[in-house]
Amino acid sequence: MNKELEIDRKLYYFNTKDRYSVYDFSNVLLELIQKNIRTKRQIVFLCIGSDRATGDCLGPIVGYKLEKLQQHNIILYGTLEKPVHAKNLHDTIDYINQYHHNALVIAVDASLGKSAHIGYITVGEGSLLPGAGVDKDLPPVGDIFITGIVNFSGMLDHMLLQTTRLNVVMILADYICKGVNYCFYKLNRR
């Protein structure tokens, strides 16, 4: 497991090619949830992205897969059927704040990074800035964030999202869902 300090908070990197790193991912996520959850505080997963660009569909695919795991009592926004994207993010955040007051929000989104980190998952405490990789001005969201690095950052980032391999996105989505499932299995046993 690679750890890196960023802006006085820990950012954890997990290589999806490392067969057992999903357990490390699950343990870190569990640790962050336990640190941030209060008595009977709801857990909301906010899966951000669009199903119209391969590189941006990680969030909706994760949401689609998490929808199948309803035994964990999570509240979910952002699926393939009802994606949360730049055009409806503000309204979704307002809705969450109104109807899930004081919820622990776990934001999931695709990101761009170094070419050596394509296929890595990052997890951290605090908000993420959706759309930052493609110069969109969107509000920060989440108490905990999970991102999947789908492609490298460089010139013409909008084009990179259009040419991202679906295989990379699916590997990241499967990894995140497997880790979340294992995390909540352990959380519910306590």
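Keep in mind that what you see is a predicted model, and the values were worked out from it rather than measured.

Participant: What exactly am I supposed to notice about the pairing of strand β3 (residues 43-47) here?
Facilitator: One face of the sheet, then the other: side chains in a regular strand alternate in exactly this way. Counting buried residues along β3, five of its five residues qualify, which places the element largely inside the surrounding structure. Burial of the side chains of β3 extends over both faces: I43, F45 and C47 are buried on one face and V44 and L46 on the other. Pairing analysis gives five bridges linking β3 to strand β5 (residues 104-113), with the strands arranged parallel. When the bridges of β5 are listed, V44 appears paired with V105. Note that β3 and strand β4 (residues 75-77) share three bridges and pair parallel. By the bridge assignment, L46 is partnered in β4 with Y77.

Participant: So what exactly am I meant to see when it comes to a nonpolar patch on the surface here?
Facilitator: Together, Y20, Y23, Y182 and Y185 line one region of the surface with nonpolar side chains, adding up to about 440 Å² of accessible area. Relative to the helices and strands, Y185 is located in helix α5 (residues 166-189).

Participant: Is there a simple way to explain the side chain of S26 in this structure?
Facilitator: If you trace the backbone, S26 turns up in helix α1 (residues 21-36). Take S26: its relative accessible area is 0%, and that puts it in the buried class. Aside from chain neighbours lying at most four places away, what touches S26 is G179, Y182, C183 and K186.

Participant: What should I look at first to understand the environment of I176 in this one?
Facilitator: Turning to its location among the elements, I176 is positioned in helix α5. Judged by its relative accessible area of 0%, I176 falls in the buried class. With 150 residues separating them in the primary sequence, I176 and S26 have C-alpha atoms 8.7 Å apart. Other than its neighbours up to four places away in sequence, I176 contacts F25, L58, V62, V108, I121 and I146.

Participant: What is the right way to read the pattern of salt bridges from this model?
Facilitator: By the definition in use, this model includes three salt bridges. Note that K35 and E125 form a salt bridge whose closest N and O atoms lie 2.9 Å from each other. Remark: E125 occurs in strand β6 (residues 120-125) and K35 occurs in helix α1; sequence separation between them is 90 residues. K65 is the salt-bridge partner of D174, the closest N and O atoms lying 2.6 Å from each other.

Participant: Just to check I follow, could you spell out the state of the cysteines for this structure?
Facilitator: Simply put, the disulfide is a covalent bond whose two ends are the sulfur atoms of two cysteines. In this structure the tally under the stated criterion is zero disulfides. We note that C47 lacks a disulfide partner, and the nearest cysteine sulfur, in C177, lies 7.7 Å from it.

Participant: When you look at the environment of E81 in this model, what are you seeing that I'm missing?
Facilitator: On the secondary structure map, E81 appears in the loop between β4 and α3 (89-99). Here E81 falls in the exposed class, since its relative accessible area comes to 67%. A C-alpha to C-alpha distance of 8.9 Å links E81 and D51, two positions 30 residues apart in sequence.

Calculation notes
Residues numbered from 1 in each chain as written. Predicted model: local features only at pLDDT ≥ 70, side-chain atom pairs only at ≥ 80, totals over all residues. Heavy atoms only, no water. Buried < 20%, exposed > 50% of the residue type's maximum accessible area, 1.4 Å probe, protein only. Helix = DSSP H or I, 4+ residues; strand = E, 2+ residues; numbered from the N terminus. Pairing = 2+ DSSP bridges. Patch = residues over 30% accessible without salt bridge, like charges linked within 9 Å, V, L, I, M, F, W, Y side chains within 5 Å. Areas by Shrake-Rupley, 256 points an atom, 1.4 Å probe, with all protein chains shown as cover. Salt bridge = Lys/Arg side-chain N within 4 Å of Asp/Glu carboxyl O. Contact = heavy atoms within 4.5 Å. Disulfide = S-S within 2.5 Å.

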